[in-house]
Amino acid sequence: MKFAYKFSNLLGAVYRQGNLNFSEDGNAVISPVGNRISKFDLKNNTSETLPVSTTKNITSVGISPDGNLAIVVDEDGAALLVSLITHAILHHFHFHKPVNSIRFSPDGRKFVVTKENVSLLYHAPGKQREFNAFVLDKSYYGPYDETTCIDWTNDSKCFVVGSKDMSTWVFGAERWTNLIYYSLGGHKDVIVGCFFEKDSLDLYTVSQDGTLCVWESDTELDALVLKNKLDNPKVPRQDEEEEEEEKEEEEEAQEGQVIRGKAQKSKVKEKTKNVRYKHVSRYFFNKEGDFNNLTAAAYHKSTHILVTGFASGIFHLHELPEFNLIHSLSISDQKIASVALNNSGDWIAFGCSGMGQLLVWEWQSESYVFKQQGHFNNMMSLAYSPDGQYIATGGDDGKVKVWNTNSCLCFVTFTEHTSSVSNVTFTSSGFVIVSASLDGTVRAFDLHRYRNFRTFTSPRPVQFSSLAVDISGELVSAGAQDSFEIFLWSMQTGRLLEILGGHEGPVSCLCFSPIQSILASSSWDRTIRLWDMMDSWQVKETLHLTADALSVAYRPDGQELAVATLNGEISFWNPNTAVQIGSVAGRNDLEMGRKETDKVTAKQMSKAKCFTSVCYSADGESILTGGQSKFVCIYNVKEQMLLKKFEISCNLSFDAMEEFLDRRKMTEFGSLALVDEGAGDKDGVNISLPGVRRGDMSSRHFKPEIRVSSLRFSPTGRSWAATTTEGLLIYSLDGSLVFDPYDLDLDVTPASIRTQLRLQEWAAAIVLAFRLNEKALKQEVLETVPHEQIPVICGTLPDIYVEKLLGFVATCLEQSGHLQFYMTWVQNLLMLHGQKLKNRSGAILPTLQALQKSIQRHWDNLSKLCDFNMYNIRYAVVLSKQRGMKRVSEQEDNGNEDDDDDDEQSEEMSQASLGVEEMIL
């Protein structure tokens, strides 16, 4: 079992806060998600999360004009210089104060950072290695309140800064003679956006009250004059030992030079006038008089398009400077927090922090290019599809979302539930999702037609907290947390079959055996009950525990049970003999953090903590556990020892992350964490009500607590997923290069492998390549083998390399375009070694499921393409028939002499169309 799992992607959240950016080519959106950065490829419809994280939530992101560098700044002002090509951190820096905005100059040589009321101009890092990547050039003071926005001129000579004090300041990036700084007023609210016109100093300023001001400059960009050496003329010094006559001559020459310099300086001042602005016009967005705050704005200089977003979820497109309304649309009922345009001005990206929503709108065709929304509340559960291609998640917002693990995007959302979704699961077919909710219903969703085709209810209203579906997909069971009962329904008829009673406490978890119809139920009454579905739903066995049971899981072969209890232990049971075969004390491995309002230490708090989610790995050798902690632990079942701990987050914006509290936050009146500073700038005080832990849809939660609510291993064995406070995290083996040689020897080298290939010793080359176990080399060897030699090689391979080759082919088949080549390998391996593989079906089950996932994905893509081509061919056939009939009718009406020839042509066209139809059939 390998444990080189690395963070692969972040699903379930596409945008939290901060500014959106487009890539250089305009085909990708770079969005901050918590303390990480996600990149959404709009052309290929995929997403990836960069392996970069800050210590707190990201508030500002600046992208260089060439798209190679990004500066990421978090809430405290800690900055990272990241390469968008290699995804590596190049430099760490700290601005020591929260940064409001950051912007590179168009030439990429400088960037401006605004914090508090100061604007800082830095030299941007270049291609050469430097000791300090950020070199401060100048500091600009002017506004009295915090700065909000930045914009540059096209030639990088000047930049403009907007402020909360309703003023706009124009600064020179160099020491210009006729422009040092210029202040503009005229607004009655906070400046949201300020933009230069293309190749001009003319300005547009937009304020929060929905006012647009147009400012005209009397100076062109070319008229800016740089301060030269004439401002400070230097007088050359001479030695004191020179003769008096030479001194007198030099003094006369110096006096003449100073006089000429002053005259030239006065001429320059007469020619260059200081830059001045004139208020040309003023426009208002809220003409109806309704109070609707303008929250975001962006301007595209080439097309003169101004995009503005409002607190009501409406956005406007105006053409400047005439202020002509082009388009207006409502995209949500939450405020638009960020707006960005790509280089061509065709696509507009909108970010709604309240809904966790990211949209890309093509305004010319009035259509969505990209539309994604995560769970805007906590995720509670997840489930893998049997082939590992999809993940279903349920959240406190009452939604069930289905994510594609290849593209990492959500492709369907079910909103039928009216309360928190407590559990989701797939049926064995993989095309039906079943979800249980606290609204008292269990619903089944069809992934073919994307509809809710079954709704299961109980005779009296209950809240369902657990769910399980048997291996046949016929029986659906759900446990209630208030009536202590288990309900059984038929998937075919939707009827309630039985109500299983016997537990004396809330049912915490349900799990069906993967090999037979036996249901295991865990409860707070310290028992595990095994129900036989084939024998009148009777209790087969009762396992007595030492503490309340919180989670139960079957091993993939059905021969072992793992139970997590309230005392922090994980016990292992044999379901056939009802005997405990081992246990793991994992309370100390959980390592709870201390919340800011706790009165006791983290060590004392950990005594009351436990694991709340348990799942087996795909091969059944290890177990994955998580709970109210930032750690996920993986244990070896046979050795009953901890193998590895995964830290799911380092984001200090969450509560319960640190072991020790900062004593500087403690005062004689209590913790400063209870004081919500700056609540007037946001949506109010966000302190949760007494007794409310989850499920509250209002915005009262001040600082979310880090926790792992659900864990699942992929059936392919290549990855596992966890629903956490910050989203759905996927840890994968495929996301990193792992050198794991097998039976390595001195003669196993890339040179010896290529020597065997030249000698056409294909089987020996494959064995050596798998002993070295480098992916690129293995793929090179396989693709060098002639197609006709595949059956011979598959028959001569040793048994131990058959499974390795089958697993590698399944991995390559998912990404490669050589479908027939790799499918030939699969077919020969399964045909020649099928009986031996069947005897070890339990061990190679993850490999077969990975193979099924790859084949299913290619089948879906090719079937859509074939259907599309078939429809086009049929359309062309019908169109040719209609044209032939039309031509015949026209010839009959006109009475032409060439009727016979046309009839022959029409007959030939109809025969050709029939031939095409026969080819299709």
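Description of the structure in this document. Keep in mind that what you see is a predicted model, and the values were worked out from it rather than measured.

As enumerated under the stated definition, the model contains 17 salt bridges in all. For the salt bridge of aspartate 155 with lysine 157, the shortest nitrogen-to-oxygen distance reads 3.9 Å. Under the relative-accessibility criterion, aspartate 155 is labelled partly exposed at 31%. Across the pair glutamate 485 and arginine 460 runs a salt bridge whose closest N-O atoms are separated by 2.8 Å. Within this pair, whereas glutamate 485 is found in the loop between β39 (475-480) and β40 (486-490), its partner arginine 460 is found in the loop between β37 (451-457) and β38 (464-469), the two being separated by 25 residues in sequence. Through salt bridges that share partners, Lys110, Asp137, Lys138 and Glu174 make up one connected network.

Our focus in this paragraph is the side chain of serine 207. With respect to the helices, strands and loops of the structure, serine 207 is situated in strand β19 (residues 203-207). Judged by relative accessible area, serine 207 falls into the buried class, the value being 0%. Beyond its immediate stretch of four places on either side in the chain, serine 207 contacts His187, Asp189, Val190, Ile191, Val192 and Leu294.

Our focus in this paragraph is the packing of helix α8 (residues 799-815) against helix α9 (residues 819-832). Contact geometry for α8 and α9: axes closest at 10 Å, N-to-C directions at 155 degrees. Between α8 and α9, the interaxial angle falls into the category roughly antiparallel. Classified by chirality, the crossing of α9 by α8 is left-handed. In contact with Val802, Leu805, Leu806, Val809, Cys812 and Leu813 of α8, α9 contributes Leu819, Tyr822, Met823, Trp825, Val826, Leu829 and Leu830. Considered class by class, the residues forming the contact of α8 with α9 number 13 nonpolar, no polar and no charged.

This paragraph deals with the environment of lysine 644. Relative to the elements of secondary structure, lysine 644 occurs in strand β53 (residues 641-647). Spatially, the C-alpha atoms of lysine 644 and isoleucine 634 are 5.5 Å apart, while their sequence positions differ by 10 residues.

Attention now goes to the packing of helix α6 (residues 775-784) against α8. Each packed pair of helices is defined by two parameters, the angle between the axes and the distance between the axes. At their nearest, the axes of α6 and α8 sit 11 Å apart, and the two run at 95 degrees to each other. Our classification of the angle between α6 and α8 gives roughly perpendicular. Residue-level inspection shows Lys775, Lys778, Gln779 and Leu782 of α6 in contact with α8, the latter providing Leu805, Phe808, Val809 and Cys812. Of the residues contributing to the contact of α6 with α8, the split by class is five nonpolar, one polar and two charged.

On to the packing of aromatic side chains. Counted by the stated rule, this structure contains 37 aromatic pairs. When the ring of phenylalanine 40 is compared with that of phenylalanine 370, the centres are 5.3 Å apart and the planes differ by 50 degrees; the resulting orientation is tilted. Linking phenylalanine 40 in strand β4 (residues 36-41) with phenylalanine 370 in strand β29 (residues 367-373), this pair joins segments that are 330 residues apart in sequence. Judged by its relative accessible area of 3%, phenylalanine 40 falls in the buried class. Accessibility expressed as a relative area gives 4% for phenylalanine 370, which makes it buried. Between phenylalanine 414 and phenylalanine 445, the aromatic rings sit 4.4 Å apart at their centres with planes inclined by 20 degrees, giving stacked as the arrangement. Of this pair, phenylalanine 414 sits in strand β33 (residues 409-414) while phenylalanine 445 sits in strand β36 (residues 441-446), placing them 31 residues apart in sequence.

Right, let's talk about the sheet that holds strand β27 (residues 347-352) for a bit. Pairing between sheet strands relies on hydrogen bonds along the backbone, with the strands arranged either parallel or antiparallel. Spatially, β26-β27-β28-β29 is the arrangement adopted by the four strands of the open sheet, whose pairing is antiparallel. If you trace the sheet from one side to the other, it starts and ends with β26 (338-341) and β29, each paired once. Direction aside, the axes of adjacent strands within the sheet are offset by 15 degrees on average. In the sheet, β27 pairs with strand β28 (residues 357-362) via six bridges, with the strands oriented antiparallel. From the neighbouring strand, glycine 351 faces β28, where its bridge partner is leucine 358.

On to the side chain of serine 156. In this fold, serine 156 is placed in the loop between β14 (147-152) and β15 (158-163). For serine 156, the side chain forms a polar contact with the main-chain nitrogen of aspartate 107, separated by 3.2 Å. Those residues within four positions of serine 156 in sequence are excluded, and the remaining contacts are Ser105, Pro106, Asp107 and Ala173.

Before going further, it helps to spend a moment on the sheet that holds β38. The four strands are arranged β38-β39-β40-β41 in an open sheet whose pairing can be described as antiparallel. In this open sheet, the two strands that pair with only one neighbour each are β38 and β41 (496-500). Mean inter-strand twist for the sheet, computed between neighbouring axes without regard to direction, equals 20 degrees. Where β40 lies against β41, four bridges are found, and the strand directions are antiparallel. Bridged to phenylalanine 487 within β41 is isoleucine 499.

Before going further, it helps to examine helix α5 (residues 762-772). Within α5, nine of the 11 residues are buried, leaving the element largely enclosed by the surrounding structure. For α5, every residue scored as buried is listed here: Trp762, Ala765, Ile766, Val767, Leu768, Ala769, Phe770, Arg771 and Leu772. Residues of α5 that are buried sit in contact with α4 (750-758), α6, α7 (790-796), α8 and α9.

Let us now look at α9. Across its 14 residues, α9 extends 20 Å between first and last C-alpha, which sits within 8% of the 20 Å expected from 1.5 Å per residue. Listed as buried for α9 are Phe821, Tyr822, Thr824, Trp825, Val826, Asn828 and Leu829.

Scanning all chains against the criterion turns up two cavities of 30 Å³ or more. In this structure, the largest cavity encloses a volume near 40 Å³. Every residue lining the largest cavity is listed: Ile30, Ile37, Leu50, Val52, Val61, Ile63, Ala70, Val72, Val82 and Leu84. Counting only elements with at least two residues in the lining of the largest cavity, the list comes to β5 (46-53), β6 (58-63) and β7 (69-74). A class-by-class count of the residues in the lining of the largest cavity yields 10 nonpolar, no polar and no charged. Quantified by volume, the second largest cavity comes out at close to 40 Å³. Looking at the second largest cavity, the residues that line it are Ser513, Gln516, Ile518, Leu530, Lys540, Tyr554, Gly558, Pro575 and Asn576. Residue composition of the lining of the second largest cavity, grouped by class: four nonpolar, four polar and one charged.

With 37 residues, the main nonpolar core has Ile766, Leu782, Leu805 and Trp825 as its most contacted residues. The set of elements that each furnish at least two residues to this core consists of α4, α5, α6, α7, α8, α9 and α11 (841-894). Counting residues per element, this core draws most heavily on α8, at nine residues. Look past the residues within four positions of isoleucine 766 in its chain and what remains in contact with it is Val781, Leu782, Val785, Ile793, Leu797 and Trp825. In this structure, Leu10, Val33, Ile634 and Ile706 belong to the second largest nonpolar core, which totals 20 residues.

This part is about unusual backbone geometry. For the bond from leucine 320 to proline 321, the omega torsion is 5 degrees, close enough to zero to count as cis. Looking at where proline 321 falls in the secondary structure, it is placed in the loop between β24 (314-319) and β25 (324-330). Even without being a glycine, histidine 87 presents a positive backbone phi close to 60 degrees. Tracing the backbone through its elements, the reader meets histidine 87 in the loop between β8 (78-83) and β9 (89-94). Phi is positive for alanine 578, close to 60 degrees, though the residue is something other than glycine. Residue position: alanine 578 is located in the loop between β48 (569-574) and β49 (579-585). Look at alanine 578 and you get partly exposed, because its relative accessible area is 22%.

Calculation criteria
Residues numbered from 1 in each chain as written. Predicted model: local features only at pLDDT ≥ 70, side-chain atom pairs only at ≥ 80, totals over all residues. Heavy atoms only, no water. Salt bridge = Lys/Arg side-chain N within 4 Å of Asp/Glu carboxyl O. Buried < 20%, exposed > 50% of the residue type's maximum accessible area, 1.4 Å probe, protein only. Helix = DSSP H or I, 4+ residues; strand = E, 2+ residues; numbered from the N terminus. Contact = heavy atoms within 4.5 Å. Axes fitted to C-alpha atoms, helices over the stretch in contact; angles between N-to-C directions. Parallel < 35°, antiparallel > 145°, perpendicular 65-115°, else oblique. Left-handed = near helix turned anticlockwise from the far one by under 90°. Nonpolar A, V, L, I, M, F, W, Y, C, P; charged D, E, K, R; others polar. Phe/Tyr/Trp six-rings, centres within 6.5 Å; stacked < 30°, edge-to-face > 60°. Pairing = 2+ DSSP bridges. Polar contact = N/O pair within 3.5 Å; in protein donor to acceptor, adjacent residues only side chain to side chain. Expected span 1.5 Å × (residues − 1). 1 Å grid on protein atoms, 1.4 Å probe; cavity = no way out; pocket = protein on both sides within 12 Å on 5 of 7 lines; lining within 4 Å. Points joined across faces, edges and corners; volume = space filled by probe spheres on them. Core = buried A, V, L, I, M, F, W, Y, C linked by side-chain atoms within 4.5 Å.

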